[in-house]
Amino acid sequence: SRIIDAHNISKTISGKLLFEDFTYLAKPGDRIGIIGANGCGKSTLLNILAAYDLSDTGTLKIGNSIKIGYYKQEADDLKDNQTVIGSLKEIAEYIDVGEGRDRYLTTKDLLNKFLFPSNQHGAFIHTLSGGEKKRLSLIRLLMGNPNVLLLDEPTNDFDLSTLNALEDYLDNFYGTIL
C-alpha cells in the first residue's frame, strides 16, 4: 500500500537550507499543490520525491508497484528525427485509463485530446514549436501510464486550450498527483 513515504528529509544547496524535517506519506488519490517563491526548493523537493536526487537527511521509500511520471520544466526526452506519433508508439500503442467504454486511449486519441491535429501526427519533432514540444513531452509522460504524477510547473508554457485538456485529463486520473 506504500506510494511515496518521505520521512524527515532535508536539503541544503550551496549553504542555503531549502527545507528540513519534511515528512510526506502519499495516499491514493492525493492532489497536492506545492507553492513558494522562486528558488525556495520546489523543484528540488520533486527531484528527491522522484528519486532523481538524494536528500541530505531522512529516508525515502517508494512502493514496489509505483510508476512515477515526472514532468520536468525542461523537455529533454525528444528526438528531433522522430515523428510525433512514432515518439509515442515507442512507449506504448495505448494506455488503460480506468473503467468503462472509454477505458483505453490510443496514441492518436491522446494526441487529439492534447490538440495535435491528425495532419501533424506524422510530422518530425524538429518541425514543432517549443510549446508543441512541451506538449508532446507531457503526452509521452502520460503514455507511460504512471500511477503517480509529479508535475513541475506544468502550466508555464501551455496555452489555455492545452491547460483545459490537461485539467480534463487530471480530473479523471486515478492516481496521486503532486
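The following paragraphs examine the structure supplied in this document. It should be emphasised that the depicted structure is a prediction, and the values quoted were computed from it without experimental measurement. (Residues numbered from 1 in each chain as written. Predicted model: local features only at pLDDT ≥ 70, side-chain atom pairs only at ≥ 80, totals over all residues. Heavy atoms only, no water.)

## Describing helix α5 (residues 160–171)
In an α-helix there are 3.6 residues to a turn, and that puts residues three or four apart on one side. Along its 12 residues, α5 runs 16 Å from first to last C-alpha, staying within 8% of the 16 Å computed at 1.5 Å per residue. Residues of α5 that are buried include every one of T162, A165, L166, Y169 and L170, and no others. Each buried residue of α5 lies within a common arc of 130° when the element is viewed along its axis, so the set occupies one face. Exposed residues lying more than 90 degrees from the buried face of α5 are L160 and D171. Packing partners of the buried residues in α5 comprise β5 (94–96), β6 (104–106), α3 (107–113), α4 (130–143), β7 (148–151) and β8 (176–177). (Helix = DSSP H or I, 4+ residues; strand = E, 2+ residues; numbered from the N terminus. Expected span 1.5 Å × (residues − 1). Buried < 20%, exposed > 50% of the residue type's maximum accessible area, 1.4 Å probe, protein only. Arc of directions from axis to C-beta. Contact = heavy atoms within 4.5 Å.)

## Let's talk about the packing of aromatic side chains
Two descriptors summarise a pair of aromatic rings, namely the distance from one centre to the other and the angle between the planes of the rings. Across all of its chains, the model carries seven aromatic pairs by this definition. Relative to Y70, the ring of Y52 lies with its centre 5.3 Å away and its plane at 80°, an arrangement referred to as edge-to-face. Note that Y52 is positioned in the loop between α1 (42–49) and β3 (57–62) and Y70 in strand β4 (residues 68–71), a separation of 18 residues in sequence. The class of Y52 is exposed, set by a relative accessible area of 52%. Taken together through their ring pairs, the aromatic side chains of F114, Y169, F173 and Y174 make up a single cluster. The positively charged end of R135 is found above the aromatic ring belonging to F116, 4.4 Å away from the centroid. (Phe/Tyr/Trp six-rings, centres within 6.5 Å; stacked < 30°, edge-to-face > 60°. Lys NZ or Arg CZ within 6 Å of the ring centre and 35° of its normal.)

## What to know about the sheet that holds β3
An order of β2-β1-β3 is seen for the three strands of this open sheet, with the pairing classed as antiparallel. With one partner strand each, in any of the chains shown, β2 (16–25) and β3 form the two edges of the open sheet. Neighbour to neighbour, the strand axes of the sheet diverge by 20° on average, direction disregarded. With six bridges connecting them, strand β1 (residues 4–13) and β2 associate as antiparallel partners. The residue of β2 that forms the bridge with A6 is Y24. Here α1 sits on the sheet and contacts β1, β2 and β3; the angle it forms with β1, its principal contact strand, is near 135°. (Pairing = 2+ DSSP bridges. Axes fitted to C-alpha atoms, helices over the stretch in contact; angles between N-to-C directions.)

## Looking at the sheet that holds β8
Pairing is parallel in the open sheet, where three strands are placed in the order β4-β7-β8. Both edges of this open sheet fall to β4 and β8, since each of them pairs with a single strand only. Note: β7 against β8, two bridges, orientation parallel. Each residue of the ladder has a partner; that of L149, found in β8, is I177.

## Structural notes on α4
Its 14 residues give α4 an end-to-end C-alpha distance of 20 Å, which sits within 8% of 20 Å, the value for a rise of 1.5 Å per residue. The element α4 is largely enclosed, with a buried count of 11 among its 14 residues. Within α4 the residues assigned to the buried category are E132, K134, R135, L136, S137, L138, I139, R140, L141, L142 and M143. Next to the buried residues of α4 lie β4, α2 (84–89), β5, α3, β7 and α5. Where α4 ends, the next residue or the one after it, N145, has phi of about 55°, a positive value.

## Here's the deal with the environment of N156
Tracing the sequence through the fold places N156 in the loop between β7 and α5. Residue classification places N156 among the partly exposed positions, given a relative accessible area of 47%. Put simply, N156 and G131 are 25 residues apart on the chain and 9.6 Å apart in space, counted from C-alpha to C-alpha. Here E153 takes part through its side chain, which lies 2.6 Å from a polar atom of the side chain of N156. (Polar contact = N/O pair within 3.5 Å; in protein donor to acceptor, adjacent residues only side chain to side chain.)

## A look at the nonpolar core
Among the nonpolar cores identified, the biggest contains 30 residues, and L110, F114, L136 and Y169 are the most heavily contacted of them. At the level of elements, α2, α3, α4, β7 and α5 are the ones that each hand at least two residues to this core. When residues in this core are grouped by element, the largest group, six residues, is from α4. If we ignore the near neighbours within four places in the chain, the residues touching Y169 are I95, V97, L105, L110, K113, F114 and L142. In this structure, I4, L18, I66 and V148 belong to the second largest nonpolar core, which totals 18 residues. (Core = buried A, V, L, I, M, F, W, Y, C linked by side-chain atoms within 4.5 Å.)

In short, the description is geometric, and any link to function would need to be established separately.
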